[in-house]
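The chain contents come next:
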Amino acid sequence: MTAAREQPLELTAISHNEGVDAAVSAARRVIASLLHAGDGSAAEMKEVADRLNAVADHLDEHAPAMDQRMVDMWSGEGITRHDPVTGPENTIAPPLHLTGKDDGSVEGVVALGLPYQGPPGHVHGGISALLLDHTLGVANHWAGQSGMTAELTLRYHRPTPLFEQLTVTGEQIAVDGRKIRTRGAITARGEVCVSADGLFIAKHLPRPR
Ligand SMILES: CCCCCCCCCCCCCC(=O)SCCNC(=O)CCNC(=O)[C@H](O)C(C)(C)COP(=O)(O)OP(=O)(O)OC[C@H]1O[C@@H](n2cnc3c(N)ncnc32)[C@H](O)[C@@H]1OP(=O)(O)O
């Protein structure tokens with residue numbers, strides 16, 4: 001009998017809340033705070049823009065060259081810190097936090113705010129596709145056979161709410177040669193909002209060196 005695991009197996013990088021991770025958390029706040037703050041705001045937007053540009057100039061002056069950044073971000077194995085879904089170093093990542101389950105599937109939770117809005121009060125369908133594509137990709141990795149997305153079929157069952165805890169799941173269901181079939185879903189309050197069926201083809205692009 002397998003002993004119950006005390007800690008869930010982390011499949012995504014955890015924010016350290018210091019260094020670049022803390023800066024990224026602050027930048028996420030800026031993105032949300034700017035949204036529809038608009039010209040009706042009492043804040044002086046020209047000054048805000050100047051200050052943000054000064055921050056970006058400062059970062060660019062001190063960052064390694066782009067090709068070196070590419071090499072660095074792809075060094076090491078396993079969990080990435082830069083991807084646009086879970087990455088603590090990526091400001092556009094919500095971020096989704098995924099863990100691996102003993103049954104071979106993966107599961108994560110996330111609550112999405114205004115930057116991810118599509119219909120009023122609800123998640124943009126393309127954002128749901130992004131979350132599911134990535135989660136199915138991680139599910140493949142967790143199952144031991146991964147590849148690139150060839151097809152992603154989504155069914156939007158009901159609007160996906162903003163500001164509520166969403167559960168995102170993924171599970172590899174079949175491998176046939178290079179073809180990998182994977183499915184997943186986004187649920188809110190126990191109801192499926194979006195379901196996904198993916199076809200992945202075993203193919204891996206070379207890492208920058
Ligand atoms: C610890 C945790 C770590 C996390 C790890 C990181 C997780 C990261 C998660 C990130 C997740 C994000 C993931 C991303 O964002 S991946 C990025 C998005 N995807 C792409 O950019 C893929 C672009 N397309 C390609 O590169 C190629 O077209 C692929 C690779 C798809 C196939 O080109 P390739 O030349 O290699 O294959 P082939 O032509 O020899 O065909 C082979 C077989 O496949 C069949 N076929 C092919 N295409 C399709 C199709 N569309 N529908 C149905 N069938 C298709 C084909 O008929 C043939 O079947 P058969 O004739 O043999 O029966």
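Given the structure is predicted, the values throughout are model-derived calculations rather than measurements.

Student: Looking at this structure, how should I read the overall build of the protein?
Tutor: In terms of helices and strands, the protein carries four helices and seven strands. In terms of overall dimensions, the protein has a C-alpha envelope of 60 × 45 × 35 Å along the principal axes. Taken across its 209 residues, the protein has 28% of its residues classed as buried. When contacts within the protein are restricted to residue pairs at least 6 apart in sequence, long-range pairs at least 24 apart make up 65% of them. Just so you have it, the protein exposes about 12,900 Å², and 55% of that area is on carbon and sulfur atoms. Looking at charge distribution, the protein has the averaged site of its 18 positive side-chain charges lying 6 Å from that of its 26 negative ones.

Student: Any chance you could explain the UniProt feature "domain: Thioesterase" (unreviewed entry) in the protein here in plain terms?
Tutor: Sites flagged by UniProt as "domain: Thioesterase" (unreviewed entry) map to residues 121–188. Helix makes up 28% of residues 121–188 and strand 44%, whereas the separation of the span's terminal C-alpha atoms amounts to 14 Å.

Student: Sorry, what's going on with the confidence of the model for the protein here?
Tutor: In low-pLDDT regions, the fine details of the predicted coordinates are not to be read closely. Confidence along the protein averages 94 in pLDDT terms, with 97% of residues attaining 70 or more. Complex prediction metrics read pTM 0.94 and ipTM 0.95.

Student: I would appreciate a short explanation of the environment of His122 in the present structure.
Tutor: As for its position among the elements, His122 is in the loop between strand E3 (106–110) and helix H4 (125–143). Sequence separation between His122 and Glu164 is 42 residues; the distance between their C-alpha atoms is 9.9 Å. Residues contacting His122, with those up to four places away along its chain left out, are Tyr116, Gln117, Pro159, Thr160, Pro161 and Leu162. One polar contact links the side chain of His122 to the main-chain carbonyl oxygen of Pro120, over a distance of 2.7 Å.

Student: How should I be thinking about the site of the ligand in this particular structure?
Tutor: Around the ligand lies a shell of 17 residues, among which Thr149, Glu151, Arg178, Lys179 and Ile201 are the nearest. With respect to the ligand, the side chain of Asp133 contributes an N or O atom lying 3.3 Å from an oxygen atom. Separating an oxygen atom of the ligand from a side-chain N or O atom of Lys179 is a distance of 3.0 Å. Notes on the ligand: free accessible area 1,300 Å², of which the protein chains cover 52%. Every element with two or more residues in the shell around the ligand is listed here: H4, strand E4 (148–156) and strand E7 (191–201). Here the shell around the ligand is composed, by residue class, of seven nonpolar, five polar and five charged.

Here is what the cut-offs are and how they apply
- Residues numbered from 1 in each chain as written.
- Predicted model: local features only at pLDDT ≥ 70, side-chain atom pairs only at ≥ 80, totals over all residues.
- Heavy atoms only, no water.
- Helix = DSSP H or I, 4+ residues; strand = E, 2+ residues; numbered from the N terminus.
- Buried < 20%, exposed > 50% of the residue type's maximum accessible area, 1.4 Å probe, protein only.
- Contact = heavy atoms within 4.5 Å.
- Areas by Shrake-Rupley, 256 points an atom, 1.4 Å probe, with all protein chains shown as cover.
- Lys, Arg positive; Asp, Glu negative; His and termini not counted.
- Charge placed at Lys NZ, Arg CZ, Asp CG, Glu CD.
- UniProt positions renumbered as here; feature names shortened; annotations may be inferred.
- pLDDT = per-residue confidence, 0-100.
- Polar contact = N/O pair within 3.5 Å; in protein donor to acceptor, adjacent residues only side chain to side chain.
- Near = heavy atom within 4 Å.
- Nonpolar A, V, L, I, M, F, W, Y, C, P; charged D, E, K, R; others polar.

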